[in-house]
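Report on the structure
The lines below spell out each chain.
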Amino acid sequence: MPARASYRDLLRDLLGRTVTVRSAGGQQLDPARPAYLAGYRFDDGSAAAVAVADLSLATAVAASIAMLPPVETRTQVEAAGALDEELLEFFHEVVNVAAKLMNSPTTPHVVLREVTAVPGDVAEDLAGIATTPQRRQDWQVTVDGYGEGVLTLLG
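Okay, so let's go over this structure. (Residues numbered from 1 in each chain as written. Predicted model: local features only at pLDDT ≥ 70, side-chain atom pairs only at ≥ 80, totals over all residues. Heavy atoms only, no water.)

1. Observations regarding the packing of helix α2 (residues 55-66) against helix α3 (residues 70-80)
Put simply, the rule reads: Simply put, an axis is a line fit to the C-alpha atoms, just over the touching stretch for a helix, and the angle between two N-to-C directions goes from 0 to 180 degrees. Runs of H or I in DSSP of at least four residues are treated as helices and runs of E of at least two as strands, each being numbered from the N terminus. Orientation labels follow simple angle bins: below 35 degrees gives roughly parallel, above 145 gives roughly antiparallel, 65 to 115 gives roughly perpendicular, and whatever is left gives oblique. By definition, any crossing whose near helix is turned counterclockwise from its far helix by less than a right angle is left-handed, and any crossing with a clockwise turn is right-handed. It only takes one pair of heavy atoms within 4.5 Å for two residues to be counted as in contact.
Packing of α2 against α3 brings their axes to within 10 Å, and their N-to-C directions diverge by 140 degrees. Regarding the angle of α2 to α3, the classification is oblique. Here the hand of the crossing between α2 and α3 comes out right-handed. In this structure, α2 contributes Leu55, Thr59 and Ala63 to the contact, and α3 contributes Thr73, Arg74 and Val77.

2. Things to note about the nonpolar core
Operational definition: Residues belong to one nonpolar core when they are buried, are Ala, Val, Leu, Ile, Met, Phe, Trp, Tyr or Cys, and are joined through side-chain atoms within 4.5 Å. Only protein chains enter the accessibility calculation, which uses a 1.4 Å probe; a residue whose area is less than 20% of its type maximum is buried, one above 50% is exposed, and one in between is partly exposed.
Formed by 38 residues in total, the largest nonpolar core has its most connected members in Leu11, Tyr40, Leu83, Phe91, Val141 and Leu151. The greatest single-element share of this core, amounting to seven residues, is contributed by α2. Ranked by size, the runner-up nonpolar core spans 10 residues in total, among them Val118, Leu126, Ile129 and Leu154.

3. Examining the pattern of salt bridges
Note the following rule: Definition used for salt bridges: Asp or Glu carboxyl oxygen within 4 Å of a side-chain nitrogen of Lys or Arg.
Tallied over the full model, the rule gives seven salt bridges. One salt bridge connects Asp13 with Arg12, and the closest N-O pair in it is separated by 3.3 Å. Judged by its relative accessible area of 57%, Asp13 is exposed. Two residues, Glu148 and Arg22, come together in a salt bridge whose shortest N-O distance is 3.8 Å. You can see Glu148 sitting in strand β6 (residues 147-154) and its partner Arg22 sitting in strand β1 (residues 19-23), a full 126 residues away along the chain. Exposure remark for Glu148: the relative accessible area of 38% places this residue in the partly exposed category. Three or more residues are tied together by salt bridges with common partners; here these are Arg8, Asp9, Arg12 and Asp13.

Here it is, written out as structure tokens:
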């Protein structure tokens with residue numbers, strides 16, 4: 001699992017903005033609160049880890065990397081209750097780049113394989129990690145000018 005400072009530095013460099021990452025209370029998946037699950041897998045296809053970003057964080061990082069107007073983008077996403085196709089692509093890019101933080105010279109190689117809206121159809125092995133993780137980190141992430149949300153890393 002990546003260190004909080006490593007995740008902050010990666011987002012800061014990728015988004016070109018000040019990013020704050022601090023410990024947060026545990027995020028629970030709830031059908032009333034949309035989120036996005038990034039499924040990371042080993043090269044052999046087996047499940048390695050899961051990252052869950054609440055809708056607020058997914059919106060903030062996607063809008064920031066796309067340099068979209070923050071208030072208008074948040075308003076549109078809140079009204080729709082989900083990221084549109086374009087924002088989902090930008091969010092995918094962010095969690096894809098973040099996969100490098102899950103790799104080290106002493107561990108098997110990990111890559112992003114899927115991004116799924118939650119609630120939604122989540123692969124059984126990834127759902128297993130999400131419901132009974134061996135390791136967990138919950139962070140409150142703030143992207144300067146774009147808002148904040150919760151990121152949960154599960155492994």
